[in-house]
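Residue-level structural notes
Spelled out from the first residue to the last, the chains are:
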Amino acid sequence: MHRYTDGTLYDWPDIEDMGWSTLLLRNGFSLNVSRDFAYQSLFEEAIDPKFKDGLSSADKTVFEAFRTTNFEGVLAKLRDAVVLAEVLDQDPDPYRERFRTVQSSLGATVRRVHLERTEIPDETLQRIREVLVEYKQIFSTSYDLLLYWSMAHGDNFHPFCDCFWSGGRNRFDPENCNVFPGVTPIYYLHGALHLVVEGTGQTRKLTQSHQTLLDQFGKPIPGDPDSRPLIISEATARDKLAAIERNDYLAHAYEKLESCDGPIVVFGNSLSDQDRHLIDAINSNADRPVAISMRPKSAALLKEEQAKVWGPLKSKEIYFFDSATHPLGKPELSLKGKRRRAFGKFFRIGVADGGLDDLGGALPDEEVVSPFDILDDRLVHFVAAYPDGF
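Residues numbered from 1 in each chain as written. Predicted model: local features only at pLDDT ≥ 70, side-chain atom pairs only at ≥ 80, totals over all residues. Heavy atoms only, no water.

**A short note on the overall build of the chain**
The helix and strand inventory of the chain stands at 14 helices and 15 strands. A buried classification covers 53% of the 390 residues belonging to the chain. A sequence separation of at least 24 residues applies to 73% of the contacts in the chain between residues at least 6 apart. As displayed, the chain has an accessible area near 18,000 Å², and 50% of this comes from carbon and sulfur atoms. (Helix = DSSP H or I, 4+ residues; strand = E, 2+ residues; numbered from the N terminus. Buried < 20%, exposed > 50% of the residue type's maximum accessible area, 1.4 Å probe, protein only. Contact = heavy atoms within 4.5 Å. Areas by Shrake-Rupley, 256 points an atom, 1.4 Å probe, with all protein chains shown as cover.)

Below, the structure is given as structure tokens:
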């Protein structure tokens, strides 16, 4: 029996040979790559007075009326209001306008805080991909694009799949989602930035086109003004579960987490009260071992954090391990330097050790404060080569 809450952590190599087949990724996975993924609340970002494309006063009133900060829930209710108004032969335009402005604000907010593909070195995505292929199934509660970019790195999705292959339009069909042996399914438990719900209620994924995935996010699908993003951005465990249950794809993903019975690794933050729905799903198969990553801290704080996780989990084998000793938590995956914007694109400016990650070559040791201080041939050639990003 391994249910240690003594304030110590295993090193991952000490427990890695236990047949871990399932991986549950949390936001800490992305944070290890860049602290710029550390936005805690899209809603707080959207109501920032300095953000001109954030929520308007009228938009905020809708959130206040429903006592929520979850964009997905508000957009779903506004979509229902449009349908109800049409059924009752009332004017749906006010509800449709709020739907449009809330969705537009959500898109602008995400593009404000989310890293661009060009900021993440290919080597980083390749290293992540090499770790992911070691698992038989992967679940994620993060809605950013890091996981998707990693699984698609090299323009080769194999051995990964995501169940969006129906109808020739990358749709999810609960009657056509069987995963064949030798393939690693990836499930987005709380949605993701490249997933949308069509006006019909069917879920589909966006793919690269003449626009990047980030540029497409928060905009209606052409010909479908009622489509909306599928992300559960913030809510209580009860609200998250309700949102999961009303979407066929999220419900399918959650059922897969409930039914999987292999040893599971929870990486990138431990489980809290807001994750009670995840704990309940893991407890559906309490006989399997559970490994949970934690960041090192004082023994007293670790004991407290371990006890909070230990209590609700029913597994008799719980292993708390140091996240930095797992391949996905290695410091070498972390981006260096500061974000700077030039020509409408973000770049990373090296500090101390030199380097501009996306361009190659060394920069002076001091921090470059202005992106125009490095306006040399390398930057001009890079922007010319990738005018639309990835």
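Moving on from the model shown.
**Some thoughts on a negative patch on the surface**
Side chains of Asp-11, Asp-14, Glu-16, Asp-17, Glu-130 and Glu-134 sit close together on the surface and give a patch of like negative charge. Within the secondary structure layout, Asp-11 lies in the loop between β1 (2-3) and α1 (12-15). When its relative accessible area of 38% is taken as the criterion, Asp-11 is described as partly exposed. (Patch = residues over 30% accessible without salt bridge, like charges linked within 9 Å, V, L, I, M, F, W, Y side chains within 5 Å. Salt bridge = Lys/Arg side-chain N within 4 Å of Asp/Glu carboxyl O. Lys, Arg positive; Asp, Glu negative; His and termini not counted. Charge placed at Lys NZ, Arg CZ, Asp CG, Glu CD.)

**Notes on the packing of helix α10 (residues 237-245) against helix α11 (residues 248-259)**
Two quantities define a packed helix pair, namely the angle between the axes and the distance from one axis to the other. The interhelical angle for the contact between α10 and α11, taken along N-to-C directions, is 115°, at an axis separation of 6 Å. It follows from the interaxial angle that α10 and α11 lie roughly perpendicular. Contacts from Leu-241, Ala-243, Ile-244 and Glu-245 of α10 reach α11 at Leu-250, Ala-251 and Tyr-254. When grouped by side-chain class, the residues that make up the contact of α10 with α11 number six nonpolar, no polar and one charged. (Axes fitted to C-alpha atoms, helices over the stretch in contact; angles between N-to-C directions. Parallel < 35°, antiparallel > 145°, perpendicular 65-115°, else oblique. Nonpolar A, V, L, I, M, F, W, Y, C, P; charged D, E, K, R; others polar.)

**Some thoughts on a nonpolar patch on the surface**
Taken together, the side chains of Val-83, Leu-84, Val-87 and Leu-88 make up a nonpolar region of the molecular surface, amounting to roughly 370 Å² of accessible area. Checked against the element boundaries, Val-83 lands in helix α5 (residues 71-87). You can call Val-83 partly exposed: its relative accessible area is 33%.

**A short note on the nonpolar core**
Leu-23, Leu-25, Phe-71, Tyr-188, Tyr-249 and Val-265 are the most contacted members of the largest nonpolar core, which totals 94 residues. When neighbours within four sequence positions are excluded, Tyr-188 is seen to be in contact with Ser-140, Leu-147, Tyr-148, Met-151, His-194, Leu-195, Tyr-249, Leu-250 and Ala-253. (Core = buried A, V, L, I, M, F, W, Y, C linked by side-chain atoms within 4.5 Å.)

**Some points on the side chain of Arg-26**
Among the secondary structure elements, Arg-26 is positioned in the loop between β2 (22-25) and α2 (27-33). Reaching out from Arg-26, the side chain makes a polar contact with the side chain of Thr-141 at a distance of 2.9 Å. Not counting residues up to four positions away in its chain, the partners in contact with Arg-26 are Thr-141, Ser-142, Val-266, Phe-267, Gly-268, Asn-269, Ser-270, Leu-271, Asp-275 and Leu-278. (Polar contact = N/O pair within 3.5 Å; in protein donor to acceptor, adjacent residues only side chain to side chain.)

**Focus on the packing of aromatic side chains**
Remark: the centre distance and the inter-plane angle together describe each pair of aromatic rings, the angle taken between the planes. This structure, assessed with the given rule, holds 11 aromatic pairs. Summarising the aromatic geometry, the rings of Trp-12 and Trp-20 are spaced 6.1 Å apart at their centres and angled 35° between planes, so their arrangement reads as tilted. According to the relative accessible area criterion, Trp-12 is buried, its value standing at 5%. A ring pair is formed by Phe-63 and Phe-71, whose centres lie 5.1 Å apart and whose planes are at 70°; its orientation type is edge-to-face. The exposure class assigned to Phe-63 is buried, which follows from its relative accessible area of 1%. Ring pairing ties together the aromatic residues Tyr-10, Trp-12, Trp-20, Tyr-319 and Phe-321, which thus form one cluster. (Phe/Tyr/Trp six-rings, centres within 6.5 Å; stacked < 30°, edge-to-face > 60°.)

**Overview of the pattern of salt bridges**
Opposite charge on two side chains allows them to pair when their charged atoms are near. With the rule as written, the count across this model stands at 16 salt bridges. Between Asp-226 and Arg-79 there is a salt bridge; the shortest N-O distance is 2.8 Å. Here the residue Asp-226 occupies a position in the loop between α9 (213-216) and β10 (228-231), and Arg-79 occupies one in helix α5, the gap between them amounting to 147 residues. Here Lys-205 and Asp-162 are joined by a salt bridge, their closest N and O atoms 2.8 Å apart. Of this pair, Lys-205 sits in strand β9 (residues 203-205) while Asp-162 sits in the loop between β4 (160-161) and β5 (164-166), and the two are 43 residues apart along the sequence. The burial state of Lys-205 is the same as that of Asp-162; both residues are buried. Beyond isolated ion pairs, a larger network of salt bridges with shared partners links Arg-79, Glu-86, Arg-96 and Asp-226.

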